[in-house]
Amino acid sequence: MSLKPRYVNFQETWAKLKETIADVVALQAIERSVWNSRFSDVYALCVAHPEPLANELYDETKKFLEEHVSGLLERVKGSSELESTDYNDGLLHRYVTAWREYSQGLTYLNSLYSYLNLQHVKRLKLSDADMIYGSAAVTSCVDQGPRHLEIGELGLMIWETVLIVPLAEAMTLRIVSALNSARDSNPDPTTADILRTAIQSTVEVQSYNVRKPMSLYQQLVVEPFLAAASAHHSRRAAELLNARDVSYFMKYVLDGLEREISLGNKFLHSSSSEAVWTCYEQACVAAHLPALHAEVERLLKEACEDSPNASERREDLKRMYALLKPLGQNALRPLIEAAHAQAAKEGLALLAAEHSKDDAHTHFVHSMLSLHNKYKKLFAEVFGGAQAFIGALDKACSEVVNSRAEGESTARAPELLSRYCDTLLRRKGSERDADDKLSAAIVVFKYIDDKDVFQKHYARALARRLIHQLSASMEQEEAMINRLKAACGYEFTNKLHRMFTDVAVSSDLNAKFQQYLRENNLATNTGFFIQVLQAGAWPLGGAMAPLAPPAQLEKPARLFESFYRASFSGRRLAWLHHLCTGELRTRYTQRLYHINATTPQCALLLMFENTDAVRAREARETLELPEEAWSRHVRPLVEAGLLIAKGDLEGNDEETELLLNLNFTCKRTKIRLTCAAAPANQGGNGPGGAGASSESTHCDDDRKMYLQAAVVRIMKQRKILRHTELIQEVVAQARGSFAPSVAMIKKCIEALIDKQYLERSPGNLDTYSYLA
Amino acid sequence: MKVTIKSWTGVATWRWIANDDNCGICRMPFDSCCPDCKLPGDDCPLVWGACSHCFHIHCIVKWLHSQPQQQCPMCRQDWKFNNK
Ligand SMILES: [Zn+2]
Ligand SMILES: [Zn+2]
Ligand SMILES: [Zn+2]
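It should be emphasised that the depicted structure is a prediction, and the values quoted were computed from it without experimental measurement. (Residues numbered from 1 in each chain as written. Chains lettered and ligands numbered in written order. Predicted model: local features only at pLDDT ≥ 70, side-chain atom pairs only at ≥ 80, totals over all residues. Heavy atoms only, no water.)

## Overview of the coordination of the zinc ion (ligand 1)
All names here are of chain B.
Here's step 1: Within the first shell, the zinc ion (ligand 1) binds the protein through Cys-23 (SG), Cys-26 (SG), His-56 (ND1) and Cys-59 (SG), at distances of 2.2 to 2.4 Å.
Here's step 2: Angles of 95 to 124° at the metal separate the four donor atoms of the zinc ion (ligand 1), which places the site in the tetrahedral class.
Here's step 3: Along the chain, the residues donating to the zinc ion (ligand 1) fall in the pattern C-x2-C-x29-H-x2-C. (Donors = N, O, S within 2.8 Å, 3.2 Å for Na, K, Ca; no water. Tetrahedral: all angles 85-135°; square planar, octahedral: opposite > 155°, others 65-115°.)

Here you go:
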C-alpha cells in the first residue's frame, strides 16, 4: 500500500467500507485483513488526488449511522405502548441491549476512522484556551458546522437525536416508576442492571458535549425523578405526622433519608446525590418545621429529667438535630433557644433549692458546676458538642450565675465564689480534692460579670489567710492565683501577687531582725514575729486605732521600730492592732489553755494580773479604744466565757464590771478569739447586707476610674469617634473585669467633657473629638 | 502570774514619709507608682534631694536625663541625691 495521494473512486471504495462498518456497529466479527484494508481505504479517501474526499466520507458515514439508528429505534420500540409506565414491558431491556451493542460498535468504528478523526476533525475542534476563556466560537460550539465531531462522537449524537428523542417520554415514565418501586423493594439484579445502564447511557451519550454534559440526564432522569420523589415524600410525611407522634416521625424520616441516599447512590450519577438529599429534606423536614419546633421544648425538658424516658428523648433530640442541622441556622434556632431556656430554667431552680445559709457558697458553686457538667455532657451527646449549643449553655450559665434574688441590687456570685475558694484554701477546710475543686471553681468564675467585685472579696480573704497564716498551703494559694491570671490576665492578679511578695519580704525581715537583736545583745522576752505590709497593696481598711500596748508587748514593738528605721530611710510604720495577735497561756485555770487573741484582747486579759474584777469603763480608757472597737474586741472574750460581764458592756455605765472567770473550762485547750472586722472599711465576716452595699459603692468608684481611663485611651488613639462606637469599644475593653452599664459610661464621658479631655464635635453632637 | 504571753505576731504597714502627697513630676500620689511602673513600693522607690524635695526615682532620673542642667524641677537648685 502506498501512502502517496492518488486518485480514488469514491463510490467503489465507500461501498466496500459501508459493508464493513455495518458489521462493525452490529458487533459482527471482522477479519484482520479486511479491517486493515478498510483502515487504508479511510486514509486513501482522506488524501485522495486531486481532491481529498474526507468530507464526502464523513457525510456518507453520518447518513449510514442515521439509517442504522433508525432501524434500532424500531427494534427498541417493539410493540410497547409508549405511554405506559410499566418498566417491565421490555422497552428498557431492548433499549439497553441495543445501546450496549451500538456504543461498543461505535468505539471500534471510531478507531477505524482514526485518520479522518485525526486529520480532519481535530482541526475543527476548539482549543482548550477557547473553551476556558471563551470566544465567539464557544457559543456556537455545538452547532459550528457539520463536521466538528469525531465519528464516535457523531454516533453518540445520532443516538440521542434519532433514538432517544422520540423515546424520551417513554423512557422517563419507565425510569421514574422503576426508581419509585426500587425505593420500597430491591429490584432483582437484572432489572437493576438494566435500570442503571439505561440511566448511565443518558450521561454517556452526551460525553462529547463539553458545555452541558449532563443536560440530557437532568432532563430525562433527574428532574422528573425529583418531582415524583418530592410528591411522594410530602404525601408520606403528612400522613405520618397525622397518624403518629413526632418521635416516630423523626425515626421514620431518618430511616427514609438513608434509604433515599442509597437509592441515589445505586442508580443515579454521583453528581445528583446532593439534589436527592435536598429534595428529601425539603419535603420531609423543611415543610414540617412548625410541627417539629412545637415539640422541641417538651423533648428537651423530658431529656433532662430523671425519668426512664430520658434516654429515649435524648435519642429523639439527636434525630431532631440530625434533621434540622442541614437546613441551616433558621431551622436550628428554636432548638438552640430551647436548649438555652432549659438550662437557664434548671439553673435558677437549682439555686433556689433549699439550703442552709452557712453553706450558701458551697450550694452556689456546686449547683453551678453540676448544671454546667450536666448540660455540657448532654449537649455533647445529643448535639455533638456543636458550637451553637456550647454558646447557648454559656449564655444560660452566665445568666444564672449573675442572677439576683428578689430585692437584691447586685448578684451574690462574686462573694459566694470567693467564700467558696476561701474555705478550700484554709487549713481547716483542707481536703484532698481541694485542688480539683479549685480548678472547677474557675469554670464558675469565668461566667461572673462583676469580676472586679470578686477580686475585691478574694483579695480581702487572701489578706486574712496570709496575715493569720490560715492557708492550707502556699503552693495551693499560688496555683489558684495563676488560674485566675490565666483566666483574666496579669492586671487582675497583680495586687494579689504583691501580697505574696510582702509575705516573702517579711520573713526575710524577721530573720534580719533576729540577727540585729543578737548582734546588739537585745531580746524581746516573748516570741516575736512581724509582717510588714505595703500600705495600699492590702485591702485592710484605713484608720488605725491608737493603742497603748501592755508593757510586755511594748518592748518588742519599739525594738522593731528602731531596727526598721535604721534599715529603711524615708518610711513610716503603722501598727494594725486589730490584726496583731498574741499567744497567751493561762495559769489561773486548772488546765492550761493556749489562747490566741488580738493585741487589745491580750492587753485586757493582762489587766487582771493583780485583781479579779476590772471596771469596763476604766479598761476601755486605758486601752484608748473607741466605743465601737471596744465592743468588737471585748465581746469574744465574754462569749468564750473567759470574762463575765456584770452590767451593760456597750453603754457608758460607770458600774459595769468585767470579772475574770476563775472557773473557766473548755473542751479544747487551744482557743482562738476572733474579732469582727470594722464595719465601715471591711465587709468581711459582717452580715451580708451592709457589707455588700458598701462593697458595691466602693467598686462603682473604681469602675468610673477604669472607664474614664479607657475612654481617654481610646480617644487619644482615635481622635474622633461616634458615640455608639465609643461605647462599644469601652464595653469591649471592660468586659474582662465587669459589664459596664451604658449609663455609667455616659456619665464618664460627661465628666471628661467637663474636664476638657473631650468635646462634642461642633455641628455633629453625636461625635466626640479628643482635646490634646 | 495569771496569764503569760508566749509570743506575739505583729502586723504593720509602711508608707513613704514624703513632704507632699504627690510626685511633682508625674503628679501621681506617692502611695502609687510612677506611670512607667505597675506596682508601688520597692519596685518604684522614692528618692530625696539635698533640697529636701522628693520624687519617684524613675521620674527624677528621666527628668535629669532630659535636662541640660541637673536641677530640682521644684526649686531649681542644683540636684543632689540625699542619702540620709
Ligand atoms: Zn513621679
Ligand atoms: Zn517607677
Ligand atoms: Zn527641690
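On we go.
## Some words on the pattern of salt bridges
Here's step 1: This model, assessed by the stated rule, comprises 40 salt bridges over all chains.
Here's step 2: A salt bridge links Asp422(A) to Arg426(A), with the shortest nitrogen-to-oxygen separation between them at 3.0 Å.
Here's step 3: On the basis of relative accessible area, Asp422(A) is assigned to the buried category, the value being 9%.
Here's step 4: Between Asp612(A) and Lys2(B) there is a salt bridge, with the nearest N and O atoms lying 2.5 Å from each other. Note that Asp612(A) is positioned in the loop between helix H24 (599–606) and strand S5 (613–615) and Lys2(B) in the segment before strand S1 (3–16), a pairing that runs across two chains.
Here's step 5: Owing to a relative accessible area of 16%, Lys2(B) belongs among the buried residues under this scheme.
Here's step 6: When salt bridges that share partners are traced, they join Glu295(A), Arg298(A), Glu302(A), Glu312(A), Arg313(A), Asp316(A) and Arg319(A) into one network. (Salt bridge = Lys/Arg side-chain N within 4 Å of Asp/Glu carboxyl O. Buried < 20%, exposed > 50% of the residue type's maximum accessible area, 1.4 Å probe, protein only. Helix = DSSP H or I, 4+ residues; strand = E, 2+ residues; numbered from the N terminus.)

## Things to note about the coordination of the zinc ion (ligand 2)
All names here are of chain B.
Here's step 1: The coordination sphere of the zinc ion (ligand 2) contains the protein donors Cys-34 (SG), Cys-37 (SG), Cys-44 (SG) and His-58 (ND1), at a distance range of 1.9 to 2.3 Å.
Here's step 2: One can describe the site at the zinc ion (ligand 2) as tetrahedral: its four donor atoms subtend angles covering 98 to 119° at the metal.
Here's step 3: Going along the chain, you hit the donors of the zinc ion (ligand 2) in the pattern C-x2-C-x6-C-x13-H. Linking Cys-34 in the loop between S1 and strand S2 (46–48) with Cys-44 in the loop between S1 and S2, this pair joins segments that are ten residues apart in sequence.

## Some remarks on the sheet that holds strand S9 (residues 720–722) of chain A
Residues and elements named next belong to chain A.
Here's step 1: Strand order in the open sheet formed by three strands is S9-S11-S10, with antiparallel pairing between adjacent strands. Looking at strand neighbours, the two that pair on one side only are S9 and strand S10 (758–761), the edges of this open sheet. Here the average twist between neighbouring strands, direction ignored, is 35°.
Here's step 2: Pairing between S10 and strand S11 (residues 764–770): four bridges, direction antiparallel. By the bridge assignment for S11, Glu-759 is matched with Ser-769.
Here's step 3: The sheet strands contacting helix H28 (residues 723–734) are S9 and S11, and the helix crosses S9 at an angle near 90°. (Pairing = 2+ DSSP bridges. Axes fitted to C-alpha atoms, helices over the stretch in contact; angles between N-to-C directions. Contact = heavy atoms within 4.5 Å.)

## Description of the sheet that holds strand S6 (residues 643–646) of chain A
Residue and element names in this part refer to chain A.
Here's step 1: Read across the sheet, three strands follow the order S5-S7-S6 without closing on themselves; strand pairing throughout is antiparallel. Every interior strand has two partners, whereas the edge strands, S5 and S6, have only one. Averaged over all pairs of adjacent strands, the angle between their axes in this sheet comes to 25°, without regard to strand direction.
Here's step 2: The pairing of S6 with strand S7 (residues 657–660) spans four bridges and is antiparallel. In the sheet register, Ala-645 faces S7, and the bridge partner there is Leu-658.

## Looking at the environment of Ala645(A)
Residue and element names in this part refer to chain A.
Here's step 1: Along the chain, Ala-645 falls in strand S6.
Here's step 2: What makes Ala-645 partly exposed here is its relative accessible area of 28%.
Here's step 3: A C-alpha to C-alpha distance of 121 Å links Ala-645 and Lys-77, two positions 568 residues apart in sequence.
Here's step 4: Those residues in contact with Ala-645 that lie beyond four places of it in its chain are Val-638, Glu-657 and Leu-658.

## Side note on the nonpolar core
Residue and element names in this part refer to chain A.
Here's step 1: Counting 154 residues, the largest nonpolar core has Leu-335, Phe-389, Tyr-458, Trp-538, Phe-560 and Trp-630 as the members making the most contacts within it.
Here's step 2: No other element matches helix H16 (residues 360–383), which puts eleven residues into this core.
Here's step 3: Sequence-distant contacts of Tyr-458, that is, excluding residues within four places in its chain, are made with Ser-418, Cys-421, Leu-425, Arg-465, Glu-477, Met-480, Ile-481, Leu-484 and Leu-496. (Core = buried A, V, L, I, M, F, W, Y, C linked by side-chain atoms within 4.5 Å.)

## With respect to the confidence of the model for chain A
All names here are of chain A.
Here's step 1: On average, chain A scores 85 in pLDDT, and the residues at 70 or more come to 91%.
Here's step 2: In this model residues 134–144 is a low-confidence stretch, pLDDT under 50, and it forms 16 contacts with partners more than four residues away in sequence or in other chains.
Here's step 3: Across residues 680–693 the pLDDT falls below 50, and counting only partners more than four positions away or on other chains, this stretch makes twelve contacts in the model. (pLDDT = per-residue confidence, 0-100.)

## Remarks on the UniProt feature "domain: RING-type" (unreviewed entry) in chain B
Here's step 1: Under the UniProt annotation, "domain: RING-type" (unreviewed entry) lies at residues 34–76 of chain B.
Here's step 2: Across residues 34–76 of chain B, the secondary structure splits into 23% helix and 14% strand, with the terminal C-alpha atoms separated by 22 Å. (UniProt positions renumbered as here; feature names shortened; annotations may be inferred.)

## Some remarks on unusual backbone geometry
Residue and element names in this part refer to chain A.
Here's step 1: Here the residue pair His-49 and Pro-50 is connected by a cis peptide bond, since its omega of 5° sits within 30 degrees of zero.
Here's step 2: By secondary structure assignment, the location of Pro-50 is in the loop between helix H2 (32–46) and helix H3 (54–77).
Here's step 3: The backbone of Leu-27 sits at a positive phi, close to 60°, despite the residue not being glycine.
Here's step 4: Mapped onto the elements of the fold, Leu-27 is located in the loop between helix H1 (10–25) and H2.

## Remarks on the pairing of strand S4 (residues 594–598) of chain A
All names here are of chain A.
Here's step 1: Counting buried residues along S4, four of its five residues qualify, which places the element largely inside the surrounding structure.
Here's step 2: Bridge count for strand S3 (residues 581–586) against S4 is five bridges, and the pairing is antiparallel. Each bridged residue has a counterpart across the sheet, and for Arg-585 the counterpart in S4 is His-594.
Here's step 3: Pairing geometry for S4 and strand S8 (residues 670–672), over three bridges, is parallel. By the bridge assignment for S8, Ile-595 is matched with Ile-671.

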